[in-house]
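Tertiary structure, described
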Amino acid sequence: MVFEKNVDFEEIESAYAGNNSYYVCPKGNNHLHIFYDSSKPATKIIPDNFVNNGESLYICSHNTGNGKTSWALKLMYKLFSSQYDEVFIEEPLALFIYVTDFLLQLKDFNNPLSQKYLNYVKTVPLVIWDDIGTGTLSDYDYTQLLTYINARQQAQLSNIFTSNLITLDELSSKVGDKLASRIFNSSTIIELKGKDMR
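Because the structure is a prediction, the values reported are computed rather than measured.

Let's shift gears to the nonpolar core. If you look at the biggest cluster of nonpolar residues, it comprises 31 residues, and the most contacted ones within it are Y58, F102, W129 and L145. For this core, the secondary structure elements donating two or more residues are β4 (56-60), β5 (94-98), α3 (99-106), α4 (115-123), β6 (126-130), α5 (139-154), α6 (168-175) and α7 (177-185). Grouped together as the second largest cluster of nonpolar side chains are 14 residues, V51, W71, I128 and I190 included.

Now the structure itself:
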C-alpha cells in the first residue's frame, strides 16, 4: 500500500473501521497503492484478525520521520486493546525490537539478554522489528536475525517490519537475498509517501 499523503491515526482508524476514506489499487502480488479519496467505497486497511492469522506487515518509506514506527506501535495497541480486556497477563502479547540495538545486545556477552526474553522473541503473537536494514549485517547478525524471523514464520506468528528500504532489491542489499525474500514475500507492503513530520 502506498499512502500518497501524511495521514494521522484518526484517519487510519477511520479506514480501519470501514468508513469511506481510502480505496486500494493493486501494485503486484502483495504491494498495494492506497490513495486518499473520501468519495470511494471503504476498504479495510488491516483486517481485525491479522495477528490471529499470523500475517505480517512491512511498513516502509524512503522518507524519515513520516510515521513508520508510530504506525507500527499504534497498530499494535489498536489490535491488542480491541482483543484483550485490562487484566493481568503473565506473558507479553507483543515485543518492540529496535533491530540495531537487539543485534548489539546479542553480542554483549558481559550483559547478555535473558533466555526468557529470547524465547519471547520466538513465541509472542506479534513482534515489531523497527528499522530493519539499517547498516550492514555481519555474518553473526545475519544468522541471528534469520534464526529469529524464520522461527516466527515457521510458527505462523505475526511481524511488523519498519524500514527505509522500499523494494526487495534494496532490502536484499542490506540483509541478503534469503532474509529479504522471507520478509518481503511474507508481508503486506505498506509504503508511506508523506514528508518528514519531525
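Right, picking up where we left off after that structure.
Summary statistics for the chain give a mean pLDDT of 75 and a share of 67% for residues scoring 70 or more. Looking across the chain, the model is least confident in strand β2 (residues 22-26), with a mean pLDDT of 34, and most confident in α5, with 96.

Now for the packing of α3 against α5. Interhelical geometry of α3 versus α5 gives an angle of 110 degrees and a closest axis separation of 10 Å. Regarding the angle of α3 to α5, the classification is roughly perpendicular. Residues V99, F102, L103 and L106 of α3 form the contact with α5, whose participating residues are Y140, D141, Q144, L145 and Y148.

What follows concerns the pattern of salt bridges. In the structure shown here, the tally under the stated rule is one salt bridge. With a shortest N-O distance of 3.0 Å, K107 and D141 are connected by a salt bridge. Residue K107 is located in the loop between α3 and α4, and its partner D141 is located in helix α5; the two are separated by 34 residues in the primary sequence. For K107, a relative accessible area of 35% translates into the label partly exposed.

Moving on: α3. Listing the buried residues of α3 in full gives V99, F102, L103 and L106. Along the axis of α3, the buried positions cluster into a sector of 95 degrees, meaning they face one direction only. Buried residues belonging to α3 abut β5, α4, β6 and α5.

Thresholds applied
- Residues numbered from 1 in each chain as written.
- Predicted model: local features only at pLDDT ≥ 70, side-chain atom pairs only at ≥ 80, totals over all residues.
- Heavy atoms only, no water.
- Core = buried A, V, L, I, M, F, W, Y, C linked by side-chain atoms within 4.5 Å.
- Buried < 20%, exposed > 50% of the residue type's maximum accessible area, 1.4 Å probe, protein only.
- Helix = DSSP H or I, 4+ residues; strand = E, 2+ residues; numbered from the N terminus.
- pLDDT = per-residue confidence, 0-100.
- Axes fitted to C-alpha atoms, helices over the stretch in contact; angles between N-to-C directions.
- Parallel < 35°, antiparallel > 145°, perpendicular 65-115°, else oblique.
- Contact = heavy atoms within 4.5 Å.
- Salt bridge = Lys/Arg side-chain N within 4 Å of Asp/Glu carboxyl O.
- Arc of directions from axis to C-beta.

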